[in-house]
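Each chain, written out:
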Amino acid sequence: MPYTYDDQNIFAKILRGEIPSSMVVETEHSFAFNDISEQAPHHVLVIPKGAYVCYDHFAAQATDAEIVDYTRTIGAVCKQLGLEPGAGGAGYRLIANSGAHAVQEVPHLHVHILGGRPLGRMLQQV
Ligand code: 5GP
């Protein structure tokens, strides 16, 4: 089933400048900003400027230029925050919640970059 993009979602409003955000990095195709409700000392959201609902939507329909830009922007934010393990940083976690089981709240693709403290195990043990 094709995705339907809701252009009234909160991140679409941030991209249009209708809602303020704390920008970290902006490129031709991507935008990174601080999460309003941070769950770690560093908690940045990276979104594509294009209208993609979630990761698989983006992977299937984004242009190569958008995908390269997005991937490199995530890397650039990790570098800017000093989190890269290869450069002496303590590491980070990327999360892209997609759909109901992942409890995706905002229907515009976003990758969370979390770091700045030990983050524990990947998933809560149930
Ligand atoms: P999800 O659960 O969809 O993966 O994550 C959505 C994230 O968006 C949450 O971490 C939430 O704190 C963040 N968020 C929701 N509304 C806003 C907002 O208006 N501004 C910013 N900067 N972050 C938001």
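Report follows, based on the coordinates. Bear in mind the structure is a predicted one, so any value in this text is a computation, not a measurement.

### What about the overall build of the protein?
At step 1: Scanning the protein from terminus to terminus reveals three helices and five strands.
At step 2: Moving toward the C terminus, one meets the helices and strands of the protein in the order α-β-β-β-α-α-β-β.
At step 3: Taken against the 2.2 N^0.38 rule, which gives 14 Å for 126 residues, the C-alpha radius of gyration of the protein at 14 Å falls within 12% of a compact globule.
At step 4: Taking the principal axes of the C-alpha coordinates as reference, the protein spans close to 40 × 40 × 30 Å.
At step 5: A buried classification covers 36% of the 126 residues belonging to the protein.
At step 6: Nonlocal contacts in the protein, meaning residues at least 24 apart in sequence, comprise 53% of its contacts between residues at least 6 apart.

### Observations regarding the packing of aromatic side chains
For any pair of aromatic rings, the description consists of the separation of the ring centres together with the inter-plane angle of the planes.
At step 1: If you walk through the whole model with that rule in mind, you get five aromatic pairs.
At step 2: Geometrically, the ring pair formed by Tyr52 and Phe58 is edge-to-face, given 5.2 Å between the ring centres and 80° between the ring planes. Pair check on accessibility: Tyr52 and Phe58 agree, each one buried.
At step 3: Among the aromatic residues, ring-to-ring pairing joins Tyr52, Tyr55, Phe58 and Tyr70 into one connected group.

### As for helix α3 (residues 64–80)
At step 1: Here α3 is 17 residues long and its end C-alpha atoms lie 24 Å apart, about the 24 Å a rise of 1.5 Å per residue gives.
At step 2: The set of residues buried in α3 consists of Glu66, Asp69, Tyr70, Thr73, Ile74, Val77 and Cys78.
At step 3: Tucked into the core, α3 has its buried residues touching β1 (23–26), β2 (30–34), β3 (42–48), α2 (55–61), β4 (92–95) and β5 (111–115).
At step 4: Backbone geometry just downstream of α3 places Gly82 in the positive-phi region, at approximately 75°.

Calculation rules
Residues numbered from 1 in each chain as written. Predicted model: local features only at pLDDT ≥ 70, side-chain atom pairs only at ≥ 80, totals over all residues. Heavy atoms only, no water. Helix = DSSP H or I, 4+ residues; strand = E, 2+ residues; numbered from the N terminus. Rg over C-alpha atoms; globule rule 2.2 N^0.38 Å. Buried < 20%, exposed > 50% of the residue type's maximum accessible area, 1.4 Å probe, protein only. Contact = heavy atoms within 4.5 Å. Phe/Tyr/Trp six-rings, centres within 6.5 Å; stacked < 30°, edge-to-face > 60°. Expected span 1.5 Å × (residues − 1).

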